[in-house]
Amino acid sequence: MDTTPTMLGALLQQLEPLLTTTAAAQRVHALADRLMRTTLNVAVLGHFKRGKSTLVNALVGYPVLPMGMVPLTAIVTYVEAGPAFSAAITFQDGHTAVVPIEQLREYITETENPANAKRVAAAVVQVPTARLPHGIRLVDTPGIGSTYVHNTAIAREFVADADVALFVLSVDPPMSAEERAFLEEVARFARRLLIVLNKIDRYSPADVADVITFTRKVVADRVPACPILPVSALLALEGRIAGDAARIEQSGIQAIEQFLVQEVYQAREALLVSAAVNQLHMLISEAEQQRQATLAGLATSREELTRRLDMFRQRVAELDVLREERDALLRVAQARLVDQHLGSALPALRAELLALANQLPALIMEGSERSLRAQVRAGGHWIVETLRSTTVAWMQREEPALLDVLGAITERYRAALQRALDALQALAQDVLAVPALQVQVPEPVPVTAHARLQVVDEPVMLELLSMWLMSHLPGRIGRWLILWRAQRRLEDYADRMVGSARYALRQWIAEQLEERRAVLESAVSAVLEALT
């Protein structure tokens, strides 16, 4: 075997005592250990509830990691091949405890170890499986983006230790702006990167193909050579447990296993060396930045440093005010302009609905007495379905115009925020000698979801069926009474449908605004965190 990784690991062990910070020493120690054991970290990363734990279980062939409907994984968990099932829990104070694998969830899940109250640092699970090649260690990480902010922090901290990354998405919802930003961060560190599109068993092949095309377009300018493999981790796990070859083949898991063998295992030594060199470059760069900052600080008088810090704090405070004003103005401008647009567009929808609804009385006035009941029933069904489908079609025609309105609003504030960030970074570089971060406020991800119309249906059919009783009145009197009542009800129903369309579009555009606001906030937070 090529001894390059072990030789490099031995050199790192000699370097460790010379490091001046505990964090750097710990990183070098972990890296040296993996080099000596020729072990690659294959990290499974992504948004919460994308099926990361299920994918790890499917790859090893056993349900060793907890799975559920709510965010579960809260601790970085390593899964590797071993002689028997075992779980070793390492705590933040350095001691390790071996527990029955059935008790694993008590230490690594948010439900049974909330906010990591048990102070767990990591868990190592060994599984007696031949499916995981020697030297390959799967790493299940907490999902980003959930209400548990500490889980997102844990996942981001681990990114630097990911030699290979399986970035897990799902068919619905498609990739978000937050996921795209996280993918870019992962791509900076991982020596191999694979996008896994999970949960394909829930959708048609055409839908899956559309999402793959969309995902490839979204990441094309960031990680253009990154492969995308569709899979159903749950179907694969069920197939492994049941020994069902058909389900395993249908799941697509074999393509990921082939990737791990051909692209990872067979190149693990080169990947380890590349990862080690990358981390060493980072450590050297960080040390150089600290050295430059120290030298610059020594050369600056106390009074000048105080003046510069005051200036920088003032700019940060101004940026915070700008953020608050931007949020308020965004919402006010969005509500005003959207209401203006809908106010001019909705009358046309109402007129279209009334024109359709007014066809119902004509249906009621035709035909024999014996067919009246059938006509009323058919008419009631027709009005519900026709008016609903017409309203949905109208809403989808209006969505691009509303997005243009929203885009014009957010672009102005995005540009203003970019100018403020650029000025703040330039000030930090000039005043505090902080290297330029070159953070760009990102553009929003293309919108794929439509507004959803939710209508509490007026009991039209029951109302119209009750009118059938009037058909027993003499001659055409019953029909005219039905016509009179129907006309009264139809206008009210059309107004309800228009109101529901207004509400649905306002909610939908508010959701788009919130997503764009979150993207802007993420960019600002990244700069402030790095500078302060």
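Computed from a prediction, not measured in an experiment: that's the story for all the values here.

Peer 1: Would you mind showing me how to read the pairing of strand β1 (residues 40–46) here?
Peer 2: Regular strands place side chains that alternate from one sheet face to the opposite one. Within β1, seven of the seven residues are buried, which leaves the element mostly enclosed by the surrounding structure. Burial along β1 is two-sided: the face carrying L40, V42, V44 and G46 and the face carrying N41, A43 and L45 are both buried. With five bridges joining them, β1 and strand β6 (residues 136–140) adopt parallel strand pairing. Paired with A43 across the two strands is V139, which belongs to β6. As paired elements, β1 and strand β7 (residues 164–170) share five bridges and run parallel to each other. By the bridge assignment, A43 is partnered in β7 with A165.

Peer 1: Explanation requested: the sheet that holds β6 in the structure shown.
Peer 2: Two pairing modes exist for strands in a sheet, parallel and antiparallel, and in both the strands are linked by backbone hydrogen bonds. Read across the open sheet, the nine strands follow the order β4-β3-β5-β2-β6-β1-β7-β8-β9; overall the sheet is mixed. This sheet does not close on itself; its edge strands, each paired only once, are β4 (96–99) and β9 (228–230). Pairwise comparison of adjacent strand axes, ignoring direction, gives a mean angle of 25° for this sheet. The sheet contact formed by strand β3 (residues 86–91) and β4 spans four bridges and is antiparallel. Bridging from a neighbouring strand, I89 pairs with A97 of β4. On the sheet, helix α6 (residues 177–187) packs against β1, β7 and β8 (192–198) and is oriented at approximately 170° with respect to β7.

Peer 1: How should I be thinking about the packing of aromatic side chains in this particular structure?
Peer 2: The geometry of an aromatic ring pair is captured by the separation of the ring centres together with the interplanar angle, meaning the angle of the planes. Scanning the model with the defined rule gives four aromatic pairs in all. With centroids separated by 6.1 Å and ring planes inclined at 70°, the aromatic side chains of Y78 and F158 adopt a geometry described as edge-to-face. Of this pair, Y78 sits in strand β2 (residues 77–81) while F158 sits in helix α5 (residues 149–158), and the two are 80 residues apart along the sequence. Among the residues examined, F158 registers a relative accessible area of 5% and is labelled buried.

Peer 1: So what exactly am I meant to see when it comes to the packing of helix α3 (residues 52–60) against helix α10 (residues 253–264) here?
Peer 2: When two helices pack together, their arrangement is given by the angle between the helix axes and by the axis-to-axis distance. Packing of α3 against α10 brings their axes to within 11 Å, and their N-to-C directions diverge by 75°. Classified by the angle between their axes, α3 and α10 sit roughly perpendicular to one another. Contact residues: α3 offers L55, A58 and L59, while α10 offers I253, I256, E257 and L260. Taken together, the residues of the contact of α3 with α10 break down into six nonpolar, no polar and one charged.

Peer 1: Honestly, the pattern of salt bridges in this entry has me stumped. Any pointers?
Peer 2: All told, the structure shown has 12 salt bridges when counted by the stated rule. Residue R247 is joined to D244 by a salt bridge in which the shortest nitrogen-to-oxygen separation is 3.1 Å. Look at R247 and you get partly exposed, because its relative accessible area is 26%. By relative accessible area, which is 25% here, D244 ends up partly exposed. Of the charged contacts, one joins D495 and R350 as a salt bridge, the two residues approaching to 2.4 Å between their closest N and O atoms. You can see D495 sitting in helix α16 (residues 477–531) and its partner R350 sitting in helix α12 (residues 302–357), a full 145 residues away along the chain. Members of the salt-bridge network, linked through shared partners, are E184, D221 and R222.

Peer 1: Before we go on, may I ask you to explain the confidence of the model for the chain in this structure?
Peer 2: Regions with low pLDDT should not have their predicted coordinates read in detail. Counting all residues, the mean pLDDT for the chain is 77, and 71% of those residues have values of 70 or more. Least confident of the elements in the chain is helix α15 (residues 460–467), whose mean pLDDT is 46; most confident is β9, at 95. Every residue in residues 458–462 scores below 50 in pLDDT, and together they form 11 contacts with partners more than four places removed in sequence or on other chains. Considering only residues more than four positions removed or in separate chains, one finds that residues 464–475, a stretch of pLDDT under 50, has 21 contacts.

Peer 1: So what exactly am I meant to see when it comes to the nonpolar core here?
Peer 2: When a protein is soluble and globular, its nonpolar side chains tend to lie buried together. Counting 46 residues, the largest nonpolar core has L55, L166, I253, I256 and V264 as the members making the most contacts within it. Apart from the residues within four sequence positions on either side, V264 is in contact with L40, V42, I136, V164, F259 and L271. Core analysis: the second largest hydrophobic core is formed by 36 residues, A162, A165, F167 and F189 among them.

Peer 1: How should unusual backbone geometry be read in this particular structure?
Peer 2: The linkage connecting D172 with the following residue, P173, adopts the cis geometry, with an omega of 0°. You can see P173 is positioned in the loop between β7 and α6. In this model, K49 sits at a positive phi of 65°, which is unusual for a non-glycine residue. Following the sequence through the fold, K49 ends up in the loop between β1 and α3. You can call K49 partly exposed: its relative accessible area is 29%. In this structure, K199 takes a positive phi of about 70° despite not being glycine. Looking at the element boundaries, K199 is found in the loop between β8 and α7 (205–219).

Peer 1: Looking at this structure, I do not really get α5. What am I missing?
Peer 2: Residues spaced three or four apart along an α-helix point in a common direction, a consequence of the helix completing one turn every 3.6 residues. What α5 keeps buried is the set N151, T152, A155 and F158. Down the axis of α5, the buried set is contained in an arc of 130°. They therefore lie on one face. Exposed side of α5, more than 90 degrees from the buried face: V149 and E157 are the residues found there. Of the surrounding elements, those touching the buried residues of α5 are β1, β2, β6 and α6.

What counts, and where the lines are drawn
- Residues numbered from 1 in each chain as written.
- Predicted model: local features only at pLDDT ≥ 70, side-chain atom pairs only at ≥ 80, totals over all residues.
- Heavy atoms only, no water.
- Buried < 20%, exposed > 50% of the residue type's maximum accessible area, 1.4 Å probe, protein only.
- Helix = DSSP H or I, 4+ residues; strand = E, 2+ residues; numbered from the N terminus.
- Pairing = 2+ DSSP bridges.
- Axes fitted to C-alpha atoms, helices over the stretch in contact; angles between N-to-C directions.
- Contact = heavy atoms within 4.5 Å.
- Phe/Tyr/Trp six-rings, centres within 6.5 Å; stacked < 30°, edge-to-face > 60°.
- Parallel < 35°, antiparallel > 145°, perpendicular 65-115°, else oblique.
- Nonpolar A, V, L, I, M, F, W, Y, C, P; charged D, E, K, R; others polar.
- Salt bridge = Lys/Arg side-chain N within 4 Å of Asp/Glu carboxyl O.
- pLDDT = per-residue confidence, 0-100.
- Core = buried A, V, L, I, M, F, W, Y, C linked by side-chain atoms within 4.5 Å.
- Arc of directions from axis to C-beta.

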